[in-house]
Amino acid sequence: MSTTERPRILVVGGGYVGMYAARRILKKMRYGEATVTVVDPRSYMTYQPFLPEAAAGSISPRHVVVPLRRVLPKAEVLTGRVTSIDQDRKVATVTPLVGESYEVPFDYLVIALGAVSRTFPIPGLAENGIGMKTVEEAIGLRNHVLAQLDKADSTNDEEIRRRALTFVFVGGGFAGAETIGEVEDMARDACKYYANVRREDMRFVLVDAADKILPEVGPELGKWGLEHLQKRGVEVYLSTSMESCVDGHVVLKNGLEVDSDTIVWTAGVKPNPALARFGLPLGPRGHVDTEPTLQVKGTDYIWAAGDNAQVPDLVGRDAGNENAWCPPNAQHALRQAKVLGDNVISGLRGFPQTEYRHANRGAVAGLGLHKGVAMIMLGKKLKLKVRGRLAWYMHRGYHGMAMPTWNRKIRVFADWTLATFLKREVVSLGAVENPRGEFYEAAAPVSASVQESRPKAKAS
Ligand SMILES: Cc1cc2nc3c(=O)[nH]c(=O)nc-3n(C[C@H](O)[C@H](O)[C@H](O)COP(=O)(O)OP(=O)(O)OC[C@H]3O[C@@H](n4cnc5c(N)ncnc54)[C@H](O)[C@@H]3O)c2cc1C
């Protein structure tokens, strides 16, 4: 970390909000006006809306992440976790990937830690569940699902085969519906190459505690999405929840029991629990409480936005809903990051702050190749509702263009184009999770025999 006389703007989290806010600040800043330091345990920002497509192999996982050091060349990027903040001394404690923790002083602070999977104390969930918040999880899920097909194709044991070909997804919001849509599509495609696995042999189960899926696109399109998945053979259980999944034995509240080696948990998110150690004012569900200017309540040098903040929704409030808050999605995160960046510069120069105000533009969701739903707001009440192939093109067009940096946009569009002509890749590289395994097996016995054949040192 550099020591400098300039004021330091410390950005905690290099995700959607952190990366865009830092970019905005650097763009607006005068030469030498401040030092911008970004801290994140990952050296890249993840474009989460593309995780389901990365899990399905339509986009290379490397292309859904943006390297922070490359996109923020004028910032100081520290790879580590902020573990505490001392507001009196204005210092943050950073724990790097290796080595001792150290303190980073700051003058201005941006809190952008995002959210983590919201889980419940369900027996077996921690041991068997797979999340869908990170690119590592998307890669892992893809390898895991394809490995299940390999397993089922090559066993004579009917019990192993049935477990391997049963896939349970809990949570039918954006992340859950898109992930099951994409993964089912990939598995359907892949089974063409397996002699002993047909689509009819696979069981896809979607569970949600609510009475609908995809609430983000409204009831009509949500219903269409539900019926569409059902037509593809997905069993959907609504108004029920998973009670336990010990050793992969899934028990639902409605009485259904299935054995599965794949339990994907996409039942919503909650603000990053690390916030509890920062001494900031938190709302009832653990979000940092902010003013409409994105300044943390009671401060004039700390801002927060995105999934870890409760930001008043001024458009909703103007329409009469006094308790309207901005929902945690990329649409808001991106726009809040820009206002936040401008407000940090204004704070630095002693100018007034701007309030964040954004009217919902709609939502798009992909449910596998050539399938999707899109709801676009054309006015305050006028909505354009699209489904099927056109909605899928809109989904790809919107997210392809929203992907940060031209470098990544081009790579994503190239992946899609290549997949159109060369077909999707269906190989499982599960061994990447333990790349040293084979070498260890080859090397360990040799080392052991060498040890054994070595003359033992005489005791002195
Ligand atoms: C599978 C999936 C699909 C989605 N699809 C859509 C969609 O189609 N449309 C849409 O609008 N939204 C979608 N979203 C939501 C959207 O991606 C989020 O709302 C958005 O990423 C929030 O941005 P953020 O900056 O608040 O958090 P994030 O982007 O999650 O960034 C938080 C960052 O903080 C870092 N961090 C965590 N702890 C620490 C620490 N202690 N110290 C330092 N850094 C830390 C993390 O590593 C991360 O980089 C989807 C989300 C998921 C998971």
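Residues numbered from 1 in each chain as written. Predicted model: local features only at pLDDT ≥ 70, side-chain atom pairs only at ≥ 80, totals over all residues. Heavy atoms only, no water.

Draft legend 1. Representation of the domain arrangement of the protein chain. The assigned domain composition of the protein chain is domain 1 (8-116 + 270-349) and domain 2 (125-267 + 362-421). Inter-centroid distance (C-alpha atoms) of domain 1 to domain 2 is 29 Å. At the junction of the two partners, domain 1 supplies 34 residues and domain 2 supplies 29 residues. Summing both sides of the interface, domain 1 and domain 2 together bury roughly 2,800 Å²; the carbon and sulfur share of this comes to 57%. Where domain 1 meets domain 2, there are two salt bridges. (Domains from an automatic or database assignment. Contact = heavy atoms within 4.5 Å. Buried area = accessible area lost by both parts, 1.4 Å probe. Salt bridge = Lys/Arg side-chain N within 4 Å of Asp/Glu carboxyl O.)

Draft legend 2. Summary view of the sheet that holds strand β8 (residues 108-111). Taken together, seven strands build an open sheet; the order of strands is β7-β6-β5-β2-β1-β8-β20 and the sheet is mixed. Two strands in the sheet have a free side with no partner beyond their single neighbour: β7 (102-105) and β20 (302-304). The average undirected angle you get between the axes of adjacent strands in this sheet is 40°. Note: β8 against β20, three bridges, orientation parallel. Bridge pairing in β20 places Ile111 opposite Ala304. Running at roughly 170° to strand β2 (residues 35-40), helix α1 (residues 16-28) makes contact with β1 (8-12) and β2 of the sheet. Each of β1, β8 and β20 touches helix α10 (residues 330-349); the most contacted strand, β20, lies at about 175° to it. (Pairing = 2+ DSSP bridges. Helix = DSSP H or I, 4+ residues; strand = E, 2+ residues; numbered from the N terminus. Axes fitted to C-alpha atoms, helices over the stretch in contact; angles between N-to-C directions.)

Draft legend 3. Examining the side chain of His63 more closely. Relative to the helices and strands, His63 is located in the loop between α2 (51-56) and β4 (65-67). By relative accessible area, His63 is classed as buried at 14%. Those residues in contact with His63 that lie beyond four places of it in its chain are Met403, Arg408, Arg411, Val412 and Asp415. (Buried < 20%, exposed > 50% of the residue type's maximum accessible area, 1.4 Å probe, protein only.)

Draft legend 4. Representation of a nonpolar patch on the surface within the structure. Together, Met401, Trp406, Ile410 and Phe413 give the surface a local cluster of nonpolar side chains, amounting to about 440 Å² of exposed area. By residue number, the principal contributor to the nonpolar patch is helix α12 (residues 406-422), which donates three residues. As for its placement among the helices and strands, Phe413 is situated in helix α12. Since its relative accessible area comes to 31%, Phe413 is described here as partly exposed. (Patch = residues over 30% accessible without salt bridge, like charges linked within 9 Å, V, L, I, M, F, W, Y side chains within 5 Å. Areas by Shrake-Rupley, 256 points an atom, 1.4 Å probe, with all protein chains shown as cover.)

Draft legend 5. Seen up close, the pattern of salt bridges. One pass over the structure, following the stated rule, counts 27 salt bridges. Across the salt bridge formed by Arg203 and Glu235, the nearest N and O atoms sit 2.7 Å from each other. Taken together, the positions of Arg203 in strand β12 (residues 203-207) and Glu235 in strand β13 (residues 235-237) put the pair 32 residues apart, joining distant regions of the chain. One salt bridge in this structure joins Asp289 and Lys297, with 3.6 Å as the shortest N-O distance. Overlapping salt bridges bring together Glu158, Arg161, Arg198, Glu200 and Asp201 as one network.

Draft legend 6. Looking closely at helix α8 (residues 218-231). For α8, built from 14 residues, the straight-helix expectation of 20 Å at 1.5 Å per residue is met to within 8% by its first-to-last C-alpha distance of 20 Å. Residues of α8 that are buried make contact with α7 (174-190), β12, β13, β23 (372-377) and β24 (383-387). Two residues or fewer after α8 comes Gly233, characterised by a positive phi angle close to 95°. (Expected span 1.5 Å × (residues − 1).)

Draft legend 7. Main features of the packing of α1 against α10. Where α1 contacts α10, the axes come no closer than 8 Å and their chain directions differ by 40°. Overall, the two elements α1 and α10 adopt an arrangement that is oblique. Judged by the sense of rotation from one axis to the other, the crossing of α1 with α10 is right-handed. Taking contact as the criterion, the partners of Tyr16, Val17, Tyr20, Ala21, Arg24, Ile25 and Lys28 in α1 are, on α10, Ala330, Ala333, Leu334, Ala337, Lys338, Leu340, Gly341, Asp342, Val344, Ile345 and Arg349. Of the residues contributing to the contact of α1 with α10, the split by class is 12 nonpolar, one polar and five charged. (Parallel < 35°, antiparallel > 145°, perpendicular 65-115°, else oblique. Left-handed = near helix turned anticlockwise from the far one by under 90°. Nonpolar A, V, L, I, M, F, W, Y, C, P; charged D, E, K, R; others polar.)

Draft legend 8. Broad picture of the nonpolar core. Residues Val36 and Ile111 are the most contacted members of the largest nonpolar core, which totals 116 residues. In this structure, this core is formed jointly by two domains, domain 1 (8-116 + 270-349) and domain 2 (125-267 + 362-421), each of which donates at least three residues. Excluding anything up to four places from it in sequence, Ile111 contacts Val12, Ile85, Leu275, Phe278, Leu280, Val288, Ile302, Trp303, Ala304, Ala305 and Asn308. With 14 residues, the next largest nonpolar core counts Ile122, Val207, Met242 and Ile263 among its residues. (Core = buried A, V, L, I, M, F, W, Y, C linked by side-chain atoms within 4.5 Å.)

Draft legend 9. Representation of the environment of Val250 within the structure. As for its placement among the helices and strands, Val250 is situated in strand β15 (residues 249-252). According to the relative accessible area criterion, Val250 is buried, its value standing at 1%. Sequence separation of Val250 and Leu125 is 125 residues, and the distance between their C-alpha atoms is 9.6 Å. Once residues within four sequence positions are removed from consideration, Val250 is found in contact with Val168, Met242, Ser244, Cys245, Leu256, Glu257, Val258 and Ile263.

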